[in-house]
2 protein chains.
Amino acid sequence: MSSHINQEPIFSPAQVGRAGEDIALQIEAAILDGKIPPGERLPSERDLQAQFHTGRGVIREALGALKQKGLIEIKKGAKGGAVVKNLEMHLVSESLALFLKQQHVTPDYLIEVRESLDRTITTLAIARATPEEKEALVAGAQALVQALGNPEPDMVAVFEMDRQLNLLLARMTRNPVFEWIMRALQSGLGSYDHSLYNHPDYRERTAFNWLQTAKGIHRREPLQALSFIGYHYVMLRACLARESMDSQGPAGDFPRPPLEIPPAGLPDSPVHNDS
Amino acid sequence: MSSHINQEPIFSPAQVGRAGEDIALQIEAAILDGKIPPGERLPSERDLQAQFHTGRGVIREALGALKQKGLIEIKKGAKGGAVVKNLEMHLVSESLALFLKQQHVTPDYLIEVRESLDRTITTLAIARATPEEKEALVAGAQALVQALGNPEPDMVAVFEMDRQLNLLLARMTRNPVFEWIMRALQSGLGSYDHSLYNHPDYRERTAFNWLQTAKGIHRREPLQALSFIGYHYVMLRACLARESMDSQGPAGDFPRPPLEIPPAGLPDSPVHNDS
DNA sequence: GTCGGGTATTGGTAGTACCATTCTGTTGGA
DNA sequence: TCCAACAGAATGGTACTACCAATACCCGAC
């Protein structure tokens, strides 16, 4: 049953001292070169042990490293073993999240990056997305507004709708790299973004602002869309600032947050609808 | 010699079936909670084996995972062992870079993202970097120009200088997330960027353009700096287009590249020097 | 005081044995 | 004929032992 990799010995015995890493690198290279396509099974640990002329512990260590990187998936039992799988985004995100945790990165940093990315993404989306996608974006934003109109909104669903809207927007750039970075940042930002929907003061304005952004994109009005994007981040920063004050100073009836928030209810009609 | 973690048993025996992961998670949590600060040594593998009531192989697997994540560093010999270290950014970036590699992203996508990122980074760097950093950037660009003035330039050194300039610029934003993304994209872009220095036609212009960019940042002239950034990517795209034509069509004396490149030798004096 | 070797500690590798899980094929009954 | 239950094989997971290799430290000879 060692005929999965039968063309010729892809792998060669490892050097001493770093056998585990060496083997992991060889297998990783074979995977990235496409010699072992996703879905294919690697030989069993005992077969690899024989191929590499090493102990099974070393093989397990190497496979463990690849599993950690997300390159393979290991299943037990007969017909189990290591299967090459497509890298999933969430692993990349996890790696970033780990880094952000240990470095104690404040939300400011993430918000800044996301705002700049959002601006580029919006511009590209206007230029490249199909009318159907733009309409889907507007429809999604309208659904978000509607969901928040409910006096007892399902917040989990709302968060997911927001997330999907962001990803759709990123996808509209026709550049997958934007979507990947966006996903990674989203998992890092996560809860911060949610706080915007948790405050009743910001909730409706945020959703309505999303709708305006979508409409701006649909009308192919970059400057308008960018204005709404900016307003989103103005609100997000103010919301987080208020939250941190709430948690530190004596909660209750302190003055309004330092950053003055424009009044709610941006008119829908003033922006001319005939494009 | 098990007194490094002597307050109380931080760790508890692991459940069966996923002992390795379980142990890795426990240690990781202890590290991220700050119970084991960076620089501290973990108990030896044999001590951990006793604490967790498990085999040494499992311990090695767990430590290997943490090492893979970059949370610890393992040294051999007496007084060796696993020491907690600060997460290095390049490891985190590697995660995204690995993903980009497996997805076979074309250079177009990466270039687009990098250009938009470069523009934001440049703007922020002008606003936030110290004068010393800006001078260092100019000095680095000058060194690059000088290195390429040599008829037989050390290309490896040139690539590294270019890389370092990019990272310095990203660091000047005071936002580590930009540096993270930059590093990830760099390791993905890598060789594409190098082609700019490999073509004699573009080599000097690229370095000179770097110098102009750095000077624009130093003079706090965002629009000028952005113009030079744009020119860099104009050249990069043209260079890659020519390369792909070279490799496909009959190489030799075909017409000039489709995208007309402005003449070399942008004047240094015309931009006013008195800021 | 300095150099050198011995020794203890610790990670790295090899190998074996056994357990747990999963699939597969066979067998026996309805 | 069909289906369910069981036995067996393949494979990863764990445990344990032994030994090798590198490193730091100590101690004695010079």
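This text follows the structure it describes.
Presented here is an overview of the structure given in this document. Everything numeric in this text was worked out from a predicted model, so none of it was measured.

1. Topic: the overall build of chain A
Then step 1. Helix and strand content of chain A: 11 helices and two strands.
Then step 2. Within chain A, the fraction of its 275 residues that count as buried is 47%.
Then step 3. Accessible surface for chain A amounts to roughly 13600 Å². Of this, 54% is attributable to carbon and sulfur atoms.

2. Let's talk about the protein's contact with DNA strand C
Then step 1. In the vicinity of DNA strand C lie 26 residues, with Ala19 and Thr54 of chain A together with Arg56, Arg60 and Ala78 of chain B positioned nearest.
Then step 2. Among the atoms of DNA strand C lying within 4 Å of the protein, the sugar-phosphate backbone contributes 68%.
Then step 3. Broken down by secondary-structure element, the contributors of at least two residues to the surface near DNA strand C are helix 3 (56-69) of chain A together with helix 2 (45-52), helix 3 (56-69) and strand 1 (72-75) of chain B.
Then step 4. Counted by class, the surface near DNA strand C contains six nonpolar, eight polar and 12 charged residues.

3. Observations concerning the interface of chain B and chain A
Then step 1. Facing the 41 residues of chain B at the interface are 44 residues of chain A.
Then step 2. Buried area between chain B and chain A, both sides added, is near 3800 Å², and the carbon and sulfur share of it is 66%.
Then step 3. Linking chain B with chain A are six salt bridges, by the criterion used here.
Then step 4. With a closest N to O distance of 2.9 Å, Lys67 of chain A and Glu21 of chain B form a salt bridge.

4. Section: the relation of the copies chain B and chain A
Then step 1. If you rotate chain B by 178 degrees and push it 0.8 Å along the axis, it lands on chain A with an RMSD of 1.4 Å. On this basis, the relationship between the two copies can be described by a two-fold rotation axis.
Then step 2. Comparing interface residues between copies, 98% of those in chain B also sit at the interface in chain A, which points to an isologous, same-surface contact.

5. Details of the pairing of strand 1 of chain B
Residues and elements named next belong to chain B.
Then step 1. Across four bridges, strand 1 lies against strand 2 (residues 81-84) in antiparallel orientation. In the strand pairing of strand 2, Glu73 is matched with Val83.
Then step 2. In this antiparallel pair of consecutive strands, strand 1 and strand 2, the connection spans five residues, and Gly77 shows a positive phi of 80 degrees.

6. Some words on the pattern of salt bridges
All names here are of chain B.
Then step 1. If you walk through the whole model with that rule in mind, you get 27 salt bridges over all chains.
Then step 2. Two residues, Arg163 and Glu160, come together in a salt bridge whose shortest N-O distance is 3.5 Å. A residue pair is termed a helical-turn pair when its members lie 3 or 4 positions apart in one helix, as Arg163 and Glu160 do in helix 7 (residues 155-171) at three residues.
Then step 3. On the accessibility criterion, Arg163 (32% relative accessible area) is partly exposed.
Then step 4. The exposure class assigned to Glu160 is partly exposed, which follows from its relative accessible area of 34%.

7. Remarks on the packing of aromatic side chains
Residues and elements named next belong to chain A.
Then step 1. Taken as a whole and assessed by the stated rule, the structure comprises two aromatic pairs over all chains.
Then step 2. Ring geometry for Phe159 versus Tyr197: centroids 6.4 Å apart, planes at 50 degrees, classification tilted. Of the two residues, Phe159 sits in helix 7 (residues 155-171) while Tyr197 sits in helix 9 (residues 191-198), which places them 38 residues apart along the sequence.
Then step 3. Of the residues examined, Phe159 reaches a relative accessible area of 19% and is grouped as buried.

8. Quick look at the protein's contact with DNA strand D
Then step 1. Close contacts around DNA strand D come from 26 residues, with Glu45, Arg56 and Arg60 of chain A together with Ala19 and Thr54 of chain B the closest.
Then step 2. When atoms of DNA strand D within 4 Å of the protein are split into backbone and base, the sugar-phosphate part holds 66%.
Then step 3. Within the backbone of Glu45 of chain A, one N or O atom sits 3.0 Å away from a phosphate oxygen of DNA strand D.
Then step 4. A distance of 2.8 Å is found between a phosphate oxygen of DNA strand D and a backbone nitrogen or oxygen belonging to Ala19 of chain B.
Then step 5. Listed by contribution, the elements that provide at least two residues to the surface near DNA strand D are helix 2 (45-52), helix 3 and strand 1 (72-75) of chain A together with helix 3 of chain B.
Then step 6. A breakdown of the residues in the surface near DNA strand D according to their chemical character gives six nonpolar, eight polar and 12 charged.

9. Some points on the packing of helix 6 (residues 131-149) of chain B against helix 7 of chain B
A pair of packed helices is characterised by two quantities: the angle between their axes and the separation of those axes.
Residues and elements named next belong to chain B.
Then step 1. The geometry of helix 6 relative to helix 7 is characterised by a closest axis approach of 10 Å and an angle of 165 degrees between their N-to-C directions. With respect to each other, helix 6 and helix 7 are oriented roughly antiparallel. The handedness of the crossing between helix 6 and helix 7 comes out as left-handed. Mapping the contact onto sequence places Glu133, Ala136, Leu137, Gly140, Ala141, Ala143, Leu144, Ala147 and Leu148 in helix 6 and Val158, Met161, Leu165, Leu168 and Leu169 in helix 7.
Then step 2. A per-class count over the contact of helix 6 with helix 7 returns 12 nonpolar, one polar and one charged.

10. As for helix 6 of chain B
All names here are of chain B.
Then step 1. Within helix 6 the residues assigned to the buried category are Glu133, Lys134, Leu137, Val138, Gly140, Ala141, Leu144 and Leu148. An end-on view of helix 6 places all buried positions within 155 degrees of arc, on one side of the element. Opposite the buried face of helix 6, by more than 90 degrees, sit the exposed residues Glu132, Gln146 and Gly149.

Here is what the cut-offs are and how they apply
Residues numbered from 1 in each chain as written. Chains lettered and ligands numbered in written order. Predicted model: local features only at pLDDT ≥ 70, side-chain atom pairs only at ≥ 80, totals over all residues. Heavy atoms only, no water. Helix = DSSP H or I, 4+ residues; strand = E, 2+ residues; numbered from the N terminus. Buried < 20%, exposed > 50% of the residue type's maximum accessible area, 1.4 Å probe, protein only. Areas by Shrake-Rupley, 256 points an atom, 1.4 Å probe, with all protein chains shown as cover. Near = heavy atom within 4 Å. Nonpolar A, V, L, I, M, F, W, Y, C, P; charged D, E, K, R; others polar. Contact = heavy atoms within 4.5 Å. Buried area = accessible area lost by both parts, 1.4 Å probe. Salt bridge = Lys/Arg side-chain N within 4 Å of Asp/Glu carboxyl O. Least-squares fit on C-alpha atoms with pLDDT ≥ 70 in both. Pairing = 2+ DSSP bridges. Phe/Tyr/Trp six-rings, centres within 6.5 Å; stacked < 30°, edge-to-face > 60°. Polar contact = N/O pair within 3.5 Å; in protein donor to acceptor, adjacent residues only side chain to side chain. Axes fitted to C-alpha atoms, helices over the stretch in contact; angles between N-to-C directions. Parallel < 35°, antiparallel > 145°, perpendicular 65-115°, else oblique. Left-handed = near helix turned anticlockwise from the far one by under 90°. Arc of directions from axis to C-beta.

Keep in mind that these numbers describe shape and distance, not what the molecule does.
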